[in-house]
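Coordinates in review
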Amino acid sequence: MLPQNRWFIEYFGSTEAHMHGIKEYLLSKQTQFQRVDLVETFGYGCCLFLDGKIQSSEKDEFIYHEALVHPPLLLIPKPRKVMIIGGAEGATLREVLKHKTIEKAVMVDIDEELVNFCKKFLPEWAKSSFDDPRSEVIYTDARKYLEETEESFDSIIIDLTEPMAGSPAVKLYTKEFYQIVYQHLTPQGTISLQAGTTRPGDTTLLMMIAKTIETSFPIVRIYEVIIPSFDLPWGMILGSKANDPKNLFCQEIDRLLKEREIQDLLYYDGETHQAIFSLPKFLREAQKKPSRLIEDAHPLTIN
């Protein structure tokens, strides 16, 4: 058994935790905005933790990033301009750039130091996406950027941590923020984001975020993804101005991926699309119940 100091323990509240056996600590540092740990584990290879919470791992990051990017982009006939909020590893940018119609991908991340750590220690995750001439990386607060820019985007993909107390992400989960996002989308525009676990009895965060997005978007769909390194089933949300992802069927998804010459996916295809948008009954029932809205004056934070 590994000695006590060779485990990274990720706590899920006060009564539950996931222990990762450590081969090597690559980095442990506090940036201006968050605690960063890059850890080589036995089970999942290199893992990125922010403020003690796993964000992605070498072995299964493709599940998270393919699920976050491709469903919202396939709803748009010819996506040309995409904004990514967060996404320090560069893997979300990598997936966006697989769509051959993309002319510009703007990644806005508040933590330049974190992005530089990822470039140094996780180069295979971004591959060459940071150097792609279609990419533009801006280091600032994403809400401030949207409030000041006149640009519109076909899709805004929100790749953030959960709204932990003290995190700058807190103000990027409110009703007012989603209204700003909506205003910067083209008529068929979409958003996607991760929104917490779908574990039975623990879906309050997910449902609050979904109800809050519904105040701006006419079509809001929760979808469920299994990411082994997260140790819990996970919820994502897609908001759309015009097109419903549940109206895209297997053959149509596969045809669109082929048309866009996206051939190297390991997780997402037509069959997977149908599976992740087919929610179990307890989640469908939870969606029918009222949830409080997340507002600037009453933000949501988690420990």
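Whatever comes next refers back to the structure up there.
Keep in mind that what you see is a predicted model, and the values were worked out from it rather than measured. (Residues numbered from 1 in each chain as written. Predicted model: local features only at pLDDT ≥ 70, side-chain atom pairs only at ≥ 80, totals over all residues. Heavy atoms only, no water.)

The five strands are arranged 1-2-3-4-5 in an open sheet whose pairing can be described as antiparallel. Each edge of the sheet is formed by a strand with only one pairing partner; in this case those strands are strand 1 (7-11) and strand 5 (53-57). On average, each strand axis in the sheet is tilted by 45 degrees relative to the strand beside it, whichever way the strands run. Where strand 3 (residues 35-41) and strand 4 (residues 45-50) come together, six bridges link them in antiparallel fashion. Paired with Thr 41 across the strands is Gly 45, a residue of strand 4. Sitting on the sheet, helix 3 (residues 112-121) touches strand 2 (17-30), strand 3 and strand 4, and the angle it makes with strand 2 is about 105 degrees. (Pairing = 2+ DSSP bridges. Helix = DSSP H or I, 4+ residues; strand = E, 2+ residues; numbered from the N terminus. Axes fitted to C-alpha atoms, helices over the stretch in contact; angles between N-to-C directions. Contact = heavy atoms within 4.5 Å.)

Here we come to helix 6 (residues 175-183). The complete set of buried residues in helix 6 reads Lys 175, Phe 177, Tyr 178, Ile 180 and Val 181. Residues of helix 6 that are buried in the fold lie against strand 6 (81-86), helix 5 (142-148), strand 9 (153-159), strand 10 (185-197) and helix 7 (204-213). (Buried < 20%, exposed > 50% of the residue type's maximum accessible area, 1.4 Å probe, protein only.)

With mixed pairing, seven strands are arranged side by side in an open sheet as 8-7-6-9-10-12-11. In this open sheet, the two strands that pair with only one neighbour each are strand 8 (135-138) and strand 11 (219-226). Direction aside, the axes of adjacent strands within the sheet are offset by 15 degrees on average. For strand 6 and strand 7 (residues 104-108), the ladder comprises five bridges, and the chain directions are parallel. Paired with Val 82 across the strands is Ala 105, a residue of strand 7. Most of the contacts of helix 6 go to strand 10, to which it runs at about 145 degrees, and overall it touches strand 6, strand 9 and strand 10.

Turning to the side chain of Lys 241, a few remarks are in order. Relative to the helices and strands, Lys 241 resides in the loop between strand 12 (233-240) and helix 8 (250-259). Notably, Lys 241 is buried but unbridged: the nearest opposite-charge side chain belongs to Asp 154, and the N-O separation is 9.8 Å. Residues within four places of Lys 241 in sequence aside, it is in contact with Tyr 182, Leu 185, Thr 186, Pro 187, Gln 188, Gly 189, Phe 217 and Pro 218. (Lys, Arg positive; Asp, Glu negative; His and termini not counted. Salt bridge = Lys/Arg side-chain N within 4 Å of Asp/Glu carboxyl O.)

When two helices pack together, their arrangement is captured by the angle between the axes and the distance separating the axes. In contact at an axis separation of 10 Å, helix 7 and helix 10 (residues 281-288) are set at 50 degrees when each is read in the N-to-C sense. Relative to helix 10, helix 7 is oriented oblique. As for the relative orientation of helix 7 and helix 10, their crossing is right-handed in sense. Along its contact with helix 7, which presents Leu 206, Met 207 and Lys 211, the element helix 10 presents Leu 283, Ala 286 and Gln 287. Class assignment of the residues belonging to the contact of helix 7 with helix 10 gives a composition of four nonpolar, one polar and one charged. (Parallel < 35°, antiparallel > 145°, perpendicular 65-115°, else oblique. Left-handed = near helix turned anticlockwise from the far one by under 90°. Nonpolar A, V, L, I, M, F, W, Y, C, P; charged D, E, K, R; others polar.)

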